[in-house]
Amino acid sequence: MPFVTVQIGKGHSIEKKRKLVKAVTDALVTALGTKPEWITVHIDEFEREDWAVGGILHYDKHNGRHGETGK
């Protein structure tokens with residue numbers, strides 16, 4: 001029984017989440033040959049201020065604050 005956790009930033013609509021869990025489930029059915037009802041998908045959402053790439057918070061990248069230190 002596969003159990004998958006998908007981590008995404010907060011703010012996605014319920015419709016996008018439905019599409020996400022369907023796509024993940026379909027991929028596992030295809031790859032593993034398992035039944036959809038045996039697959040659990042957990043969505044773990046986090047704030048964009050709690051995620052950084054290349055030393056820059058994701059929040060800052062999308063709010064025009066590239067590399068600012070907050071001083």
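All residue numbers refer to positions counted from 1 along the written sequence of the respective chain. The model is predicted, so local features are restricted to residues of pLDDT at least 70 and side-chain atom pairs to those at 80 or more, both for listing and for counting; the totals for chains, interfaces and linings are taken over all residues. Just so you know, side-chain values use all the structure's heavy atoms and leave hydrogens and water out.

J.: What's the story with the packing of aromatic side chains in this structure? I'm lost.
T.: Remark: the centre distance and the inter-plane angle together describe each pair of aromatic rings, the angle taken between the planes. Geometry of aromatic contacts follows a simple scheme: Phe, Tyr and Trp rings, the Trp one being its six-membered ring, pair when their centres are within 6.5 Å, and the pair is stacked under 30 degrees between planes, edge-to-face over 60, tilted otherwise. The tally for this structure, following the rule as stated, stands at 1 aromatic pair. Here the aromatic rings of Phe46 and Trp51 are separated by 5.3 Å at their centres, their planes lie at 90°, and the arrangement is edge-to-face. Residue class for Trp51 comes out partly exposed when judged on its relative accessible area of 31%. Partly exposed describes any residue whose relative accessible area lies between the buried limit of under 20% and the exposed limit of over 50%, with all areas from a 1.4 Å probe on protein chains only and scaled to the type maximum.

J.: When you look at the pairing of strand S1 (residues 3-9) in this model, what are you seeing that I'm missing?
T.: Sheet topology places S1 next to strand S2 (residues 40-46); 7 bridges connect them, and they run parallel. Bridged to Val4 within S2 is Val41. The handedness of a crossover follows from its direction of travel: if, with the strands pointing away from the viewer, the path from the first strand over the helix to the second runs clockwise, the crossover is right-handed. Every helix listed is a DSSP run of H or I at least four residues long, and every strand listed is a run of E at least two residues long, numbered separately from the N terminus. A crossover connection joins S1 to the parallel S2 through helix H1 (residues 14-32); in handedness this β-α-β unit is right-handed. At least two DSSP bridges between two strands are required for those strands to pair.

J.: Honestly, the confidence of the model for the protein in this entry has me stumped. Any pointers?
T.: It should be kept in mind that the predicted coordinates are not to be read in detail where pLDDT is low. What pLDDT reports is the predictor's confidence in each residue, on a scale of 0 through 100. Overall, the predicted model of the protein reaches an average pLDDT of 90, with 92% of residues at or above 70. By mean pLDDT, the top-scoring element of the protein is H1 (98), and the lowest-scoring one is helix H2 (residues 58-61) (86).

J.: What's the story with the nonpolar core in this structure? I'm lost.
T.: Listed in full, the 5 residues of the largest apolar core are Val6, Ile8, Val24, Leu28 and Ile39. Secondary-structure elements contributing two or more residues to this core are S1 and H1. The residues touching Val6, leaving out its near neighbours within four places in the chain, are Leu20, Val24, Val41, His42, Ile43 and Asp44. Among buried residues, those of type Ala, Val, Leu, Ile, Met, Phe, Trp, Tyr and Cys that are joined through side-chain atoms within 4.5 Å constitute a nonpolar core. For this analysis, residues touch if any pair of their heavy atoms sits within 4.5 Å.

J.: Help me understand the environment of Asp26 in this model?
T.: Structurally, Asp26 can be placed in helix H1. Look at Asp26 and you get partly exposed, because its relative accessible area is 33%. Along the sequence, Asp26 and Ile39 sit 13 residues apart, while their C-alpha atoms lie 9.6 Å from each other.

J.: What is the right way to look at the pattern of salt bridges in this model?
T.: Side chains that differ in sign of charge can pair as their charged atoms come close. What counts as a salt bridge is simple: a side-chain nitrogen of Lys or Arg found within 4 Å of a carboxyl oxygen of Asp or Glu. Per the stated rule, a full pass over the model turns up 4 salt bridges. Two residues, Lys22 and Asp26, come together in a salt bridge whose shortest N-O distance is 2.9 Å. Taken as a pair, Lys22 and Asp26 lie in helix H1 at a separation of 4 residues, close to a single helical turn.

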